[in-house]
Structure formats: C-alpha cells, structure tokens
Amino acid sequence: MRRVVCSGSFDPVTNGHIDIIGRAAQQYDEVVAAVLNNINKRGLFSVEEKLEMLRECTAEFSNVRVAEFNGLLVDYCRENGIDMIVRSLRSVSDFDYELQIAQMNYRLSGIETMFMTANPQYSFLSSSLVKEVAQYGGDVSSLVTPNVEQRLREKYKTA
Ligand code: ADP
C-alpha cells in the first residue's frame, strides 16, 4: 500500500491544489491532504475551515483523506505510515525552495519527495493571489470551487 502526503497551507484550497491531489490519487493507493497547523502564522481561514473546504473539494476522490499536522512533516509521515511526500512545481522559484525542503526532509528521515508539474492552466495560481483578488471583489470563480468562493465572499463581505 502506497500512502503519500500532499501537504500545504491550503489558505484556501485552490483548483491548482485539487488538480495535484487528484492526479496523485491516480498514482498512489491513498493520499493524505495534510493542512499545516502553524501556530506562528495565522492564515485567513482557521485550520477547521481549511479542513472543511478540503473535505468538500476532495469528496469525489475515494482514496483521499484530509488531516492536519503540526511540527515536522517527516515526523507526521513516520507516525502515520506515509512513505512519500508529493509536492508540485509551478515555476523555477518553486523549484529553488522545494529542492531545499526536499533535501532537508530526506536528510532528516530518508523520506522521498516526488514532484509533479503543475497543470499549466493553474501554474500562475496561488492561495495568496486568490485572496488578493477576492478581497477587492474580483472574479475567482474559475480558480476555486464554488464552496471556497462563497467562503471568501463571507470573509471579505463582498456581495
Ligand atoms: P505551502 O505553504 O506549503 O507552500 P501551499 O498551500 O501554498 O502551501 O501549497 C501546497 C502545495 O500545493 C505545494 O506543493 C504547492 O506547490 C502546491 N500548489 C499550490 N498552488 C498550486 C497550483 N496553482 N497548481 C499546482 N500546485 C499548487
């Protein structure tokens, strides 16, 4: 049984995240979509809200489970029988950052990181950009699912 983790802040989950999670779910037996619960960095959404949105967005994938973690991702992996981390590369700047993290994670634990290339349709997309657009009432309907769009509207009290 091949169990992998797709980790992230998911503040909020976007169509780019869902694309990667769905593609990973085709390659592996089980995918854990794990939300980092970072006590030092509060996001726009609470961890509970992020988990709910992720659950709603991944309900169509029978082998995807949603969870939260704190501390080191490699510790979470070891404790949960996860033997691989799946991350995505949108651009060269992602690569620089992700390479370091992947090498550190391997050094700490021997856990491998697999990289999937972002769908070009979403390679410009990030949670922070979605928030910036939504904050000023811009249309994010092709970037996030309707439930996430609704929650963004509620947060920013736009329409
Ligand atoms: P983190 O703070 O850990 O980078 P994110 O939620 O921004 O958390 O990203 C989590 C993962 O999802 C990363 O591997 C990131 O590259 C990937 N990701 C983010 N946005 C997209 C996108 N638009 N298309 C594909 N993958 C994405």
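Residues numbered from 1 in each chain as written. Predicted model: local features only at pLDDT ≥ 70, side-chain atom pairs only at ≥ 80, totals over all residues. Heavy atoms only, no water.

### Regarding the site of the ligand
Note the following rule: A molecule or strand has a residue near it when one of that residue's heavy atoms lies within 4 Å. Polar contact is defined as a pair of N or O atoms within 3.5 Å, subject to the rule that within protein one atom must be able to donate a hydrogen and the other to accept it, and that residues adjacent in sequence are counted only when both atoms are side-chain atoms. A 1.4 Å probe and the Shrake-Rupley method give the accessible areas. Residues count as covered only by the protein chains that appear here. Here a helix means four or more residues in a row that DSSP labels H or I, a strand means two or more in a row labelled E, and each is numbered from the N terminus. Under the convention adopted here, Pro, Cys and the residues Ala, Val, Leu, Ile, Met, Phe, Trp and Tyr are nonpolar, Asp, Glu, Lys and Arg are charged, and Gly plus all remaining residues are polar.
For the ligand, the set of nearby residues contains 14 residues, the closest of which are S9, H17, S88, Y122 and L125. At 3.1 Å, a backbone N or O of F10 approaches an oxygen atom of the ligand. R87 has a polar side-chain atom sitting 3.3 Å from an oxygen atom of the ligand. For the ligand, the accessible surface in isolation is 550 Å², of which the surrounding protein chains cover 85%. Within the residue set of the shell around the ligand, elements represented by two or more residues are β1 (3–8), α1 (15–27) and β4 (84–89). Ranked by residues supplied to the shell around the ligand, first place goes to α1 with three residues. Residues belonging to the shell around the ligand are distributed by class as follows: five nonpolar, six polar and three charged.

### A few points about the pairing of β1
Across a regular strand the side chains alternate sides, sitting on one face of the sheet and then on the other. Here is the rule: Exposed residues in this analysis have more than 50% of their type's maximum accessible area, buried residues have under 20%, and partly exposed residues fall in between, with area computed by a 1.4 Å probe over protein chains only. Here the rule is simple: two strands pair whenever DSSP picks up at least two bridges between them. Orient the strands so they point away from the viewer, and a crossover whose first-strand-to-second-strand path over the helix runs clockwise is right-handed.
For β1, the tally of buried residues reaches five of six residues, placing the bulk of the element in the interior. Alignment of β1 against strand β2 (residues 30–36), held across six bridges, turns out to be parallel. Within the sheet, the bridge partner assigned to V4 lies in β2 and is V31. As for the winding sense of the linkage, the β-α-β connection from β1 through α1 to β2 is right-handed. Summarising the sheet, β1 and β4 pair through three bridges and their orientation is parallel. The partner of V4 across the bridge, within β4, is M84.

### What to know about the sheet that holds β2
Inclusion rule: To define axes, lines are fitted to C-alpha atoms, for helices over the stretch in contact only, and angles between the resulting N-to-C directions are given on a 0 to 180 degree scale. Contacts are assigned to residue pairs with any non-hydrogen atoms lying within 4.5 Å of each other.
The sheet built from five strands is open, its strands ordered β3-β2-β1-β4-β5 with parallel pairing. For this open sheet the edge positions go to β3 (64–69) and β5 (112–117), each flanked by a neighbour on one side alone. On average, adjacent strands in this sheet sit at an angle of 35° to one another, irrespective of strand direction. In the packing of α1 onto the sheet, the strands contacted are β1, β2, β3, β4 and β5, and the crossing angle to β5 comes to about 115°. In the packing of helix α2 (residues 47–58) onto the sheet, contacts are made with β2 and β3, and the angle to β3 comes to roughly 170°.

### Notes on the packing of aromatic side chains
Filter applied, for reference: Under the pairing criterion, centres of Phe, Tyr and Trp rings, with the six-membered ring standing for Trp, must be within 6.5 Å; the plane angle then separates stacked pairs below 30 degrees from edge-to-face pairs above 60, leaving the rest tilted.
One pass over the full model with this rule turns up one aromatic pair. Each ring, one from F69 and one from Y76, has its centre 5.7 Å from the other, and the planes form 40°; the classification is tilted. On the accessibility criterion, F69 (7% relative accessible area) is buried.

### Description of unusual backbone geometry
A cis amide bond links D11 with the next residue in sequence, P12, at an omega value of 0°. Looking at the secondary structure, you find P12 in the loop between β1 and α1. Even without being a glycine, F10 presents a positive backbone phi close to 50°. Here F10 shows up in the loop between β1 and α1. Residue classification places F10 among the buried residues on the basis of a relative accessible area of 3%.

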